[in-house]
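Structural characterization, general
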Amino acid sequence: MESRDSHDYLCAGEYLGYRLLELGVTHVFNVPGDFNLPLLDSLAKVPGLTLVNTSNELNAAYAADGFARATGGLGCCATTFLVGALSAINGVAASYAEEIPVLSLVGVPSTRQYQGMCSLHHTLGNAEDMSQEVDCYRPVTCYQTILRSFTDARYLIDRALTKALKQRKPVLLEVCRDIPMEPHSSFGRRPPFMAPFALPRTVSDPAALEAAAAAVQRFLADKKMPLIVAGRRVRTYQDALLKFATAVGWGLVVQHDAKGMFPEDHPSFIGCYFPGFSSPASIQQCYEAADAICFVGTHFNEMNFGAPPDELLERRSIVAYKQHVLVGHTDSFTGVTTEELLLHLAGRLKPSCSSSSCDGSTGILQLFKALPSTAPAFPHDPNFTAPP
């Protein structure tokens, strides 16, 4: 039992709120409901944390997704048990598909109601199964947990946040309605005296990093027309991409899902690559003329490329994907983060070309400047007639 000065301690909701602020989350997007009211009340006690009521739960999930995209960090939405959480699930699924870290908070019935398995409103009518919400969220979140005890709540909060940030995916954190408002010594005293949150960071294996960089350098030794293609996964290492592109001086295109993630006034920027529809058409010509393509953070789907990469494309490609690097269809390295590889190569490769014989008079940028700036020739559709 807590002592008489128990109110000097933080409650679970406050602890969570201060953790969110520490991670740069200043707004929690929510729809109030009876099961999440204690959670929202406890979060509202945290100075600097703003609760934003949205018109529905789907909007809350998309707003949290947008917040994470805009800040490069974590987003957070809060809904009520089952009926609210299921309304938000499509937005959470979008964050999962796009690799956006979002904390999906859900206020759920009390610990007593969980144990009693009594019939409750906002359910599917099956009192014997309280895991329906988790079952629905499991395919679209990388971690699911519930706060139903003070003894492990602090640990589970930090674990959920760590999972979201490390895997760049949404997590589901259910909070029993009798947990958020109760002060407890496990959360620390007021004002918040909390150990700093240990941000998860994945580092490369030094030997694998050196081997991958050497393989890239060998691959580029005789290449005259290298090109960088940046996809949506560069969101988390935009600074590293900028340093790399500036150091090597190659031409760079972004995929449509990475538009805005590289400065368009940068000397290396050519445009947005969208197969068959790039404008001007010279972007497509530059892509086809490149003898070495460095794919960074790209997602190979039919929208981005029209078809999966074939062997011919792979033979002239370097593909950096999370902690995996493919070089020229022959060399493969694991345990190498894309961010560290880019920074490592920025200090090794010579500007404009990896070959010392290259004087910068040729290259993708020069080709792009020489080609006419014309609109792409769209395929003719006999079933469509343009209005006059």
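What this report covers is the structure whose coordinates are included nearby. (Residues numbered from 1 in each chain as written. Predicted model: local features only at pLDDT ≥ 70, side-chain atom pairs only at ≥ 80, totals over all residues. Heavy atoms only, no water.)

Quick look at the pairing of strand β5 (residues 144-147) now. Pairing of β5 with strand β6 (residues 171-176) involves 4 bridges; the strand directions are parallel. For Leu 147, the partnering residue across the bridge sits in β6 and is Val 175. The parallel pair β5 and β6 is bridged by helix α7 (residues 150-167), and the resulting crossover is right-handed. (Pairing = 2+ DSSP bridges. Helix = DSSP H or I, 4+ residues; strand = E, 2+ residues; numbered from the N terminus. Right-handed = clockwise from strand over helix to strand, strands pointing away.)

Counting residues in each nonpolar core, the largest one holds 61 residues, and the members touching the most others are Leu 16, Leu 20, Leu 103 and Leu 105. Look past the residues within four positions of Leu 16 in its chain and what remains in contact with it is Leu 39, Leu 43, Leu 103, Leu 105, Ile 157 and Leu 173. Residues Val 248, Trp 250, Leu 252 and Val 336 belong to the second largest nonpolar core, which totals 37 residues. (Core = buried A, V, L, I, M, F, W, Y, C linked by side-chain atoms within 4.5 Å. Buried < 20%, exposed > 50% of the residue type's maximum accessible area, 1.4 Å probe, protein only. Contact = heavy atoms within 4.5 Å.)

Taking strand neighbours across the sheet as the criterion, the 7 strands line up as β9-β8-β7-β10-β11-β12-β13 in an open arrangement whose pairing is mixed. Where the open sheet ends on each side, the last strands, each with one partner, are β9 (269-273) and β13 (331-334). Strand-to-strand, the axes of this sheet are offset by a mean angle of 15 degrees, without reference to chain direction. The strands that helix α10 (residues 282-289) touches are β7 (226-230), β8 (251-255), β9 and β10 (292-296); relative to β9, the one it contacts most, it runs at about 95 degrees. (Axes fitted to C-alpha atoms, helices over the stretch in contact; angles between N-to-C directions.)

Our focus in this paragraph is the packing of helix α9 (residues 238-248) against helix α13 (residues 338-346). Here α9 crosses α13 at 25 degrees, and the two axes come no closer than 8 Å. Relative to α13, α9 is oriented roughly parallel. Here the hand of the crossing between α9 and α13 comes out left-handed. The residues of α13 that touch α9, namely those facing Ala 240, Leu 241, Lys 243, Phe 244 and Ala 247, are Glu 339, Leu 342, Leu 343, Leu 345 and Ala 346. Within the contact of α9 with α13, the residues separate by chemical class into 8 nonpolar, no polar and 2 charged. (Parallel < 35°, antiparallel > 145°, perpendicular 65-115°, else oblique. Left-handed = near helix turned anticlockwise from the far one by under 90°. Nonpolar A, V, L, I, M, F, W, Y, C, P; charged D, E, K, R; others polar.)

As enumerated under the stated definition, the model contains 6 aromatic pairs in all. Seen in terms of ring centroids, Phe 35 and Phe 81 are 5.7 Å apart; in terms of plane orientation they differ by 85 degrees. Their pairing is edge-to-face. Highlighted residues: Phe 35 in the loop between β1 (27-30) and α2 (37-43) and Phe 81 in the loop between β3 (75-80) and α4 (83-98), separated in sequence by 46 residues. Side by side, Phe 35 and Phe 81 carry an identical accessibility label, which is buried. Lying over the aromatic face of Phe 219, Lys 223 brings its terminal NZ or CZ to 4.3 Å of the ring centre. The side chain of Arg 316 reaches across the aromatic face of Tyr 287, ending 5.7 Å from its centre. (Phe/Tyr/Trp six-rings, centres within 6.5 Å; stacked < 30°, edge-to-face > 60°. Lys NZ or Arg CZ within 6 Å of the ring centre and 35° of its normal.)

So, about the sheet that holds β5. In spatial order, the strands read β2-β1-β3-β4-β6-β5; together these 6 strands make up an open sheet with parallel pairing. Here the strands that pair on one side only, and so sit at the sheet edges, are β2 (50-53) and β5. In this sheet, neighbouring strand axes are inclined to one another by 25 degrees on average, regardless of whether the strands run parallel or antiparallel. Judged from the 4 bridges that link them, β1 and β2 form a sheet pairing that is parallel. The residue bridging Val 28 from the neighbouring strand is Leu 51, located in β2. Taken strand by strand, helix α1 (residues 12-22) contacts β1, β3, β4 (102-108) and β6, and its axis lies near 165 degrees from that of β4. α7 rests against β4, β5 and β6 of the sheet, and its axis sits at about 155 degrees to β5.

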